[in-house]
Amino acid sequence: MTDTSSYDVAIIGYGPTGATAANILGRLGLKVVVIERDPDIYRRARAISVDEEVMRVWQSVGLADRLQEDMLPGRPIAFVDANCVPFIEWVIGSKGSGHPPQQFIYQPAVDQVLREGVARFPSVEVLVEHECLRALNKGDEVELMLADLATDTFQRLRASYVIAADGGSSPTRGQLGIGYEGRTYGERWIVIDTKVRKTWDAHDRLRFHCTPKRPTVDCPTPLMHHRWEFPIRADEDEKKLSSHEEIWKVLGAQGITEENVEILRAVVYSHHVRFADRWRAGRIFLAGDAAHAMPPWLGQGMSAGVRDVNNLCWKIAAVLRGQAPDKLLDSYQSERMPHVKEVTRRAVMMGRLITERHRPITFVRDHLLRRLTRGLPRSVDVLQKYFWIPDARYADGFLAAGQPAVGWQIPQPRVIDTKGATVRLDDALGNRWAILYTDALPTGAGAWTELGLPAFRIDGPNSASHNDAIRDSSGNLLAWLKDRAAAAVVVRPDGFVYAAGASGKPLPPPPAGLTQCNAPAPVEPIRSGTAA
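Residues numbered from 1 in each chain as written. Predicted model: local features only at pLDDT ≥ 70, side-chain atom pairs only at ≥ 80, totals over all residues. Heavy atoms only, no water.

(A) Molecular detail of the pairing of strand β13 (residues 206–209). Residues of β13 alternate between two faces, with Leu206 and Phe208 on one and Arg207 and His209 on the opposite face, all of them buried. The pairing of strand β5 (residues 77–80) with β13 spans four bridges and is parallel. Note that in β13 the partner of Ile77 across the bridge is Leu206. With three bridges joining them, β13 and strand β14 (residues 216–221) adopt antiparallel strand pairing. Residue His209 lies in a different strand from β14, and its bridge partner there is Thr216. Remark: six residues form the turn of the hairpin made by β13 and β14, two consecutive strands paired antiparallel. (Buried < 20%, exposed > 50% of the residue type's maximum accessible area, 1.4 Å probe, protein only. Helix = DSSP H or I, 4+ residues; strand = E, 2+ residues; numbered from the N terminus. Pairing = 2+ DSSP bridges.)

(B) Region of interest: the domain arrangement of the protein chain. Taken as a whole, the protein chain is organised into domain 1 (6–69 + 107–181 + 274–350) and domain 2 (408–501). A C-alpha centroid distance of 30 Å is found between domain 1 and domain 2. Roughly 1100 Å² of surface becomes buried between domain 1 and domain 2 when both sides are summed, with 34% attributable to carbon and sulfur atoms. Considering only the surface of domain 1 that becomes buried against domain 2, Arg56, Gln59 and Trp314 emerge as the three largest contributors, covering 61% of it. Where domain 1 meets domain 2, there are three salt bridges. Of the charged contacts in the structure, one is a salt bridge between Arg424 and Asp65, with a shortest N-O distance of 3.2 Å. Where domain 1 touches domain 2, the interface holds eight residue pairs in polar contact (both at pLDDT 80 or more). (Domains from an automatic or database assignment. Buried area = accessible area lost by both parts, 1.4 Å probe. Salt bridge = Lys/Arg side-chain N within 4 Å of Asp/Glu carboxyl O. Polar contact = N/O pair within 3.5 Å; in protein donor to acceptor, adjacent residues only side chain to side chain.)

(C) Just the layout of surface pockets, in detail. Looking at the largest pocket, its volume works out to about 1500 Å³. Lining of the largest pocket is provided by 50 residues; of these, Arg46, Asp166, Gly167, Gly168 and Asp289 occupy positions nearest its centre. Going through the elements one at a time, α1 (16–27), β2 (32–36), α4 (107–118), β9 (130–138), α5 (171–175), β15 (225–231), β16 (261–276) and α8 (301–320) are the ones with two or more residues in the lining of the largest pocket. A total of four residues in the lining of the largest pocket trace back to one element, the largest contributor, which is β16. Partitioning the lining of the largest pocket into residue classes produces 20 nonpolar, 17 polar and 13 charged. Quantified by volume, the second largest pocket comes out at close to 700 Å³. Lining the second largest pocket are 30 residues, with Arg27, Asp426, Asp427, Ala428 and Gly430 sitting closest to its centre. For the lining of the second largest pocket, the elements supplying multiple residues, two or more each, are α2 (52–60), α3 (64–68), β21 (422–424) and α12 (425–429). Top contributing element to the lining of the second largest pocket by residue count: α12, with four residues. Taken together, the residues of the lining of the second largest pocket break down into twelve nonpolar, seven polar and eleven charged. (1 Å grid on protein atoms, 1.4 Å probe; cavity = no way out; pocket = protein on both sides within 12 Å on 5 of 7 lines; lining within 4 Å. Points joined across faces, edges and corners; volume = space filled by probe spheres on them. Nonpolar A, V, L, I, M, F, W, Y, C, P; charged D, E, K, R; others polar.)

Spelled out as structure tokens, the structure:
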């Protein structure tokens with residue numbers, strides 16, 4: 001047994017959720033340990049896409065531009081019938097977060113960059129080939145027992161808080177006795193990862209083959225990879241269908257040959273819809289798949305985990321520094337759970353659309369949606385609004401109620417900052433608490449500035465220049481504020497509006513217990529050739 005070490009936060013699991021948490025907490029200067037059972041990155045591609053909100057999170061830790069280099073943005077998505085004729089085609093529209101709204105990824109490459117990001121922070125220690133055997137709440141800390149799998153020794157650690165991002169089978173969740181309710185679909189799916197040798201028509205777009213006989217997902221991934229997924233029917237042998245011979249039959253039906261791709265691996269898995277009963281047990285928090293699991297139809301499983309830790313980590317830092325009470329952490333689940341459930345509901349609904357097996361229904365579906373989207377082009381926008389990823393908004397939680405802008409994530413246009421540089425809005429604000437206002441600094445702002453919040457006037461593209469103002473060159477931010485009747489907003493470190501006031505109205509006061517709002521230290525971005 002080795003000596004006990006103490007940390008601010010222990011992170012169990014080093015997938016995208018855990019690695020993102022380590023980057024955020026490292027940037028905030030906390031002493032962190034990451035515990036990971038595997039010796040290296042898991043090389044099988046699992047997640048297939050990210051959205052603009054997730055890129056905004058990675059921007060906050062200086063990784064978005066480097067990650068962008070290995071992604072495929074702006075690719076069309078098509079829902080096609082049995083003859084490969086589309087009945088819905090769209091490109092995902094932007095919600096104003098300052099990044100491409102939908103991008104395809106190759107997850108091992110994403111994991112590599114996230115880990116390179118963690119290596120920038122000397123306060124973050126990474127223990128690979130270590131398994132967390134126990135995490136036990138003990139008063140004002142958590143005691144963890146680890147097994148070093150390389151040396152067959154044991155180690156005891158202490159942490160003020162623990163984030164368990166250890167996957168859908170989460171041993172930590174099991175140790176805590178937290179239920180994981182929901183369902184697992186009986187139909188299992190084969191996922192085929194391939195290396196592209198020679199491109200083909202439509203190789204660069206996502207196609208949902210909505211055929212009753214064999215629904216198939218045909219998905220591009222960057223760095224010359226491509227992926228297919230299809231279900232195993234009840235009368236089929238799983239092992240046989242996973243063989244290269246049978247896989248080539250499925251790919252051959254789409255005109256794909258060995259000249260086009262090399263099969264790297266085929267893996268069988270099940271779809272789940274599950275939610276942990278509670279995401280907090282004392283000082284231990286569940287995040288990502290440990291807290292919730294959803295079907296893959298919107299490509300949001302990994303993204304949901306990144307959203308989780310973006311919500312949680314700044315709150316943990318504020319509590320550890322005595323800047324906010326511990327009860328702030330109770331808002332984590334109340335804010336995140338409704339969004340996760342809505343994303344999951346939409347993913348299930350999308351899955352039903354894609355995998356419908358009854359031919360009369362598919363006939364009506366194909367013809368009705370084809371006529372609708374071609375006859376009414378704006379209908380595509382409506383379909384995306386109600387069937388794709390929901391807006392970034394919290395209806396309840398750590399928020400000052402009573403104004404339409406409250407709870408929304410503020411958009412992120414490019415702006416001219418107070419030094420005259422053109423930057424993304426979050427970079428101008430520094431990913432910290434801030435006041436934004438459009439005219440005069442409102443009554444009540446003084447209570448906030450006394451806590452250390454900077455106040456930025458937002459000038460429009462044609463307005464007179466003011467000292468220490470941010471210029472909204474596009475006018476998009478000002479239009480967003482106007483739509484919500486907000487002349488001033490208080491923005492949280494995660495970009496969500498805590499409080500807002502209409503023109504001539506005072507800002508709500510700071511919440512009880514919020515004592516200080518310091519800015520995090522600047523972070524050095526990672527770019528090509530700067531791997532740690």
